[in-house]
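Tertiary structure, described
Listed below are the residues making up each chain.
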Amino acid sequence: MHESSIALSLIDVACEVLRAHGAARASALTVRVGQWSSVVPEALLGAFPACAEGTPLEGARLSIVRVPGVAECPRHGPVELEATRGLRCPLCGAPTPTLLRGDELELDELELA
Ligand SMILES: [Zn+2]
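Conventions adopted
Residues numbered from 1 in each chain as written. Predicted model: local features only at pLDDT ≥ 70, side-chain atom pairs only at ≥ 80, totals over all residues. Heavy atoms only, no water. Donors = N, O, S within 2.8 Å, 3.2 Å for Na, K, Ca; no water. Buried < 20%, exposed > 50% of the residue type's maximum accessible area, 1.4 Å probe, protein only. UniProt positions renumbered as here; feature names shortened; annotations may be inferred. Helix = DSSP H or I, 4+ residues; strand = E, 2+ residues; numbered from the N terminus. Expected span 1.5 Å × (residues − 1). Contact = heavy atoms within 4.5 Å. Axes fitted to C-alpha atoms, helices over the stretch in contact; angles between N-to-C directions. Parallel < 35°, antiparallel > 145°, perpendicular 65-115°, else oblique. Left-handed = near helix turned anticlockwise from the far one by under 90°. Nonpolar A, V, L, I, M, F, W, Y, C, P; charged D, E, K, R; others polar.

Looking at the zinc ion, one finds its protein donor set to be C73 (SG), H76 (ND1), C89 (SG) and C92 (SG), positioned 2.0 to 2.4 Å from the metal centre. Donor residues for the zinc ion, ordered by position in the chain, follow C-x2-H-x12-C-x2-C. Residue classification places C92 among the partly exposed residues on the basis of a relative accessible area of 30%.

As annotated in UniProt, the feature "binding site: Ni(2+)" (unreviewed entry) corresponds to H2 in the numbering used here. Summarising the element assignment, H2 is placed in helix α1 (residues 2-21).

Its 20 residues place the ends of α1 29 Å apart at the C-alpha level, agreeing with the 28 Å of an ideal helix rising 1.5 Å per residue. If you check which residues of α1 are buried, you get E3, I6, A7, L10, I11, A14, C15 and L18. Its buried side turned inward, α1 meets β1 (26-34), α2 (41-52) and β6 (105-112). Just past α1, the residue G22 takes up positive phi, approximately 65 degrees.

Within this structure's numbering, the places UniProt gives as "binding site: Zn(2+)" (unreviewed entry) are C73, H76, C89 and C92. Look at the named residues: they lie 20 residues apart in sequence, but the longest C-alpha span between them is just 8.7 Å, so in the fold they bunch up. Within the secondary structure layout, H76 lies in the loop between β3 (70-73) and β4 (77-80). Once residues within four sequence positions are removed from consideration, H76 is found in contact with C89, L91 and C92. You can see C89 is positioned in the loop between β4 and β5 (99-101). Residue contacts for C89: discarding those within four places in its chain leaves C73, H76, V79, A94 and T96.

On to the packing of α1 against α2. In the contact formed by α1 and α2, the axes pass within 8 Å of each other and the chain directions differ by 60 degrees. Judged by the angle between their axes, α1 and α2 are oblique. Of the two elements, α1 crosses α2, and the hand of that crossing is right-handed. Where α1 approaches α2, its residues E3, S4, I6, A7, L8, L10 and I11 are matched on the opposing element by A43, L44, A47, F48, C51 and A52. In the contact of α1 with α2, the residues fall into 11 nonpolar, 1 polar and 1 charged.

Mapped onto the fold, L62 is located in strand β2 (residues 61-67). Residues L62 and L110, spaced 48 residues apart in sequence, show a C-alpha to C-alpha distance of 9.5 Å. Residues contacting L62, with those up to four places away along its chain left out, are L29, V31, L44, L45 and F48.

Written out as structure tokens, the structure is:
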């Protein structure tokens, strides 16, 4: 259910872009999903076609770009997180509670039909 509401809000954003370009339909869209967002890419891919039915995005191909998590370590600065270690610096193990990247969910590209 979570992914359905995410798919619907992405479709909303895409429809606004279509309107801004005076385009009727889109044939493909690319979405950036952070590794540390709560979005499961597979579930989003699964939910999208049904959510897009009856909208200008119907039949559009959804591609997902996964964005790795990057957090600020007090000693090492920005470090790429490893999923197995959680919100800790992979170099020194210090807690890195502030994500710089990796929690995004955004429309990256929209291919107009
Ligand atoms: Zn560190």
